[in-house]
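Geometric and topological summary
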Amino acid sequence: MLPLFIKDGLILPFITTSVLFNLIVYVYYHSKKLESGDRFWLCLTQLAPQKFSKFNEKIFKLLYFMSLSGMLVLTVCSLAIRPPQNLPDLWTLLICVYSFVHFIFFLCLFNLIQLTLKNNDLIITEKEAEKSHRLFFNFESILTEKKKIL
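Residues numbered from 1 in each chain as written. Predicted model: local features only at pLDDT ≥ 70, side-chain atom pairs only at ≥ 80, totals over all residues. Heavy atoms only, no water.

**Focus: the overall build of the protein chain**
Stated precisely, the cut-off is as follows: Only DSSP runs of H or I with at least four residues qualify as helices, and only runs of E with at least two residues qualify as strands; both kinds are numbered from the N terminus onward. Accessibility here uses a 1.4 Å probe with only protein chains present; expressed as a share of the type maximum, an area under 20% marks a residue as buried, one over 50% as exposed, and anything in between as partly exposed. Residues are treated as being in contact if the distance between any of their heavy atoms lies within 4.5 Å. Reported accessibility uses the Shrake-Rupley method at a 1.4 Å probe radius. Residues are deemed covered only where the shown protein chains occlude them.
Looking only at helices and strands, the protein chain has seven helices and zero strands in total. Start at the N end of the protein chain and walk to the C end: the helices and strands fall as α-α-α-α-α-α-α. Across the 150 residues of the protein chain, 14% fall into the buried class. Considering only contacts within the protein chain whose residues lie at least 6 apart along the sequence, 53% involve residues at least 24 apart. Total accessible area on the protein chain stands at roughly 12,600 Å², and carbon and sulfur atoms take up 71% of it.

**Overview of the packing of aromatic side chains**
Put simply, the test is: Note on aromatic pairs: the rings of Phe, Tyr and Trp (six-membered ring only in Trp) are paired at centre separations within 6.5 Å, and the planes decide the class, stacked below 30 degrees, edge-to-face beyond 60, tilted for the rest.
Inspection of every chain in the model, using the stated rule, returns four aromatic pairs. Note on Y64 and F65: the rings are 5.5 Å apart at their centroids and 65 degrees apart in plane angle, and the pair reads as edge-to-face. Using a relative accessible area of 47% as the deciding quantity, one classes F65 as partly exposed. One aromatic cluster in this structure is built from F105, F106 and F110.

**A short note on the layout of surface pockets**
Selection rule: Space inside and on the surface of the protein is sampled on a 1 Å grid over the protein atoms alone, with a cavity defined as a set of points where a 1.4 Å probe fits but cannot get out and a pocket as an open set with protein on both sides within 12 Å along at least 5 of 7 lines; lining residues have an atom within 4 Å of a point. Grid points are joined across faces, edges and corners, and a volume is the space filled by probe spheres set on the points. Under the scheme applied here, ten amino acids are nonpolar (Ala, Val, Leu, Ile, Met, Phe, Trp, Tyr, Cys and Pro), four are charged (Asp, Glu, Lys and Arg), and all others, including Gly, are polar.
The calculated volume of the largest pocket comes to roughly 1,500 Å³. Contributing to the lining of the largest pocket are 42 residues, with Y64, S67, L68, H102 and F106 lying nearest its centre. Elements supplying a minimum of two residues to the lining of the largest pocket: α1 (2–8), α2 (11–36), α3 (42–47), α4 (54–80) and α5 (90–116). Sort the elements by how many residues they give to the lining of the largest pocket and α5 lands first, with 13 residues. Grouping the amino acids of the lining of the largest pocket by side-chain chemistry returns 32 nonpolar, nine polar and one charged.

**As for the nonpolar core**
This is how it is decided: By nonpolar core is meant a set of buried Ala, Val, Leu, Ile, Met, Phe, Trp, Tyr and Cys residues that side-chain atoms within 4.5 Å join together.
Listed in full, the six residues of the largest apolar core are L2, F14, L74, C77, W91 and I95. At the level of secondary structure, the elements contributing two or more residues to this core comprise α4 and α5. Excluding residues that lie within four positions of it along the chain, L74 makes contacts with L2, W91, L94, I95 and Y98.

**Some details on α5**
Just so we agree on the cut-off: An expected span of 1.5 Å times one less than the residue number is assigned to each helix.
Across its 27 residues, α5 extends 39 Å between first and last C-alpha, which sits within 8% of the 39 Å expected from 1.5 Å per residue. Three or more residues of α5 are buried, namely W91, I95, L109 and I113.

**Comments concerning the environment of L93**
On the secondary structure map, L93 appears in helix α5. Remark: the alpha-carbon pair of L93 and P3, spanning 90 residues in sequence, is separated by 9.9 Å.

**Focus: a nonpolar patch on the surface**
Formally: A patch is a set of surface residues, each over 30% in relative accessible area and not in a salt bridge, joined within 9 Å for like charges and within 5 Å for the nonpolar side chains Val, Leu, Ile, Met, Phe, Trp and Tyr. Salt bridge, as applied in this entry: a Lys or Arg side-chain nitrogen positioned within 4 Å of an Asp or Glu carboxyl oxygen.
On the surface, I59, L62, L63, M66, F105, F106 and F110 cluster together into a nonpolar patch covering about 650 Å² of accessible area. Put simply, the parts of the chain that give the nonpolar patch at least two residues each are α4 and α5. Ranked by the residues each element gives to the nonpolar patch, the list is headed by α4, at four residues.

Right under this line is the structure:
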């Protein structure tokens, strides 16, 4: 998408939304980290609970920051450095390959998570159920309130 954003002159909205997204991820991660400790990486602890550790969490953080760094480098290079005359689509190709590698990685990771879930992993405690009940809309109460109004 980046080459199209550059072509259409939408690089500023792209950068703004990217920074905003990463800020939201940062705030959400730290709020969940303070709230629930190691349960933030619940999907990874389901894969191998005995092997999950602070070290693994640091590896995933490192991979996340490496991914962001790659995106930043490709963005800056495609804006600041002109490709060689014999390779006019160099930055477009590199961005496509970079995105493809990310897509395949997440496809494999999420399929692995889905295929290794056990039925017991889907059962939540009453405490977790109450907490999730407070976090999401209670659609039943909204519907009953509308019925009372009508």
